[in-house]
Amino acid sequence: IRDTFFYRLKFIFGSSAVPALDLVDQRSVTRVTSPSGRTAYQVLGSSGKLYTCYSSCHFCTCPAFGFTVLQKSESLLCKHILAVYLSQAMGACQELTVSEEQLTSILLAEEGDEG
């Protein structure tokens, strides 16, 4: 059954499937939650960089998402977003509760990296 699941994942998500499963196996996905219930996900990428993902709006801050998904429309998602979805489904997310200010700082830090 596990092999069938893997081949279906690979068929649907292509080259993102194997790296995403690696990220899940390495427990690289952290759900960051604030007291108000706002949630974002941080994924430690294979390069060692931390990316912020938003499952609610299907977005990742990594360059691959911006280029392959948004600009070229060659893929539905990047490996980080797929890792978030898989981690949610498998109950494999690390959990981190932060203050509203800390979550805001995480979100603004990503904007600062882009500009």
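Description of the structure in this document. Along each chain, numbering runs from 1 in the same order as the chain's sequence is written. Given that this is a predicted model, residues contribute local features only at a pLDDT of at least 70 and side-chain atom pairs are listed and counted only at 80 or more, while totals for whole chains, interfaces and linings are drawn from all residues. Neither water nor hydrogens contribute to the side-chain values; these are computed over all heavy atoms in the structure.

To continue, consider the pairing of strand β3 (residues 50–54). Within β3, four of the five residues are buried, which leaves it mostly tucked inside the rest of the structure. Linking strand β2 (residues 39–44) to β3, which pair antiparallel, is a turn of five residues; within it G48 sits at a positive phi near 95 degrees. Note on pairing: two strands pair once DSSP finds at least 2 bridges between them. Only DSSP runs of H or I reaching four residues or more are called helices, and only runs of E reaching two or more are called strands; each is numbered from the N terminus. Where β3 meets strand β4 (residues 59–60), two bridges bridge the pair, whose relative direction is antiparallel. Bridge pairing in β4 places C53 opposite C60. The antiparallel hairpin formed by β3 and β4 contains four residues in its connecting segment, where H58 sits at a positive phi of about 55 degrees. Partly exposed describes any residue whose relative accessible area lies between the buried limit of under 20% and the exposed limit of over 50%, with all areas from a 1.4 Å probe on protein chains only and scaled to the type maximum.

So, on to the side chain of T61. With respect to the helices and strands, the residue T61 is situated in the loop between β4 and α3 (63–71). Here T52 takes part through its backbone nitrogen, which lies 3.0 Å from a polar atom of the side chain of T61. Here a polar contact means two N or O atoms within 3.5 Å. Within protein one must be a hydrogen donor candidate and the other an acceptor candidate, and residues neighboring in sequence count only if both atoms are side-chain atoms.

The strand order across the open sheet built from five strands is β4-β3-β2-β1-β5, with neighbouring strands paired in mixed fashion. Single-partner strands in this sheet number two, and they are β4 and β5 (94–97). Note: strand β1 (residues 29–33) against β5, four bridges, orientation parallel. Considered in β5, the bridge of T33 is made with T97. On top of the sheet, helix α4 (residues 79–90) reaches β1, β2, β3 and β4; it is set at about 65 degrees to β3, its chief contact. Here, residues are in contact when the closest pair of their heavy atoms is within 4.5 Å. Only the stretch in contact is used when fitting a helix axis, every axis being a line fitted to C-alpha atoms; angles between N-to-C directions are given from 0 to 180 degrees.

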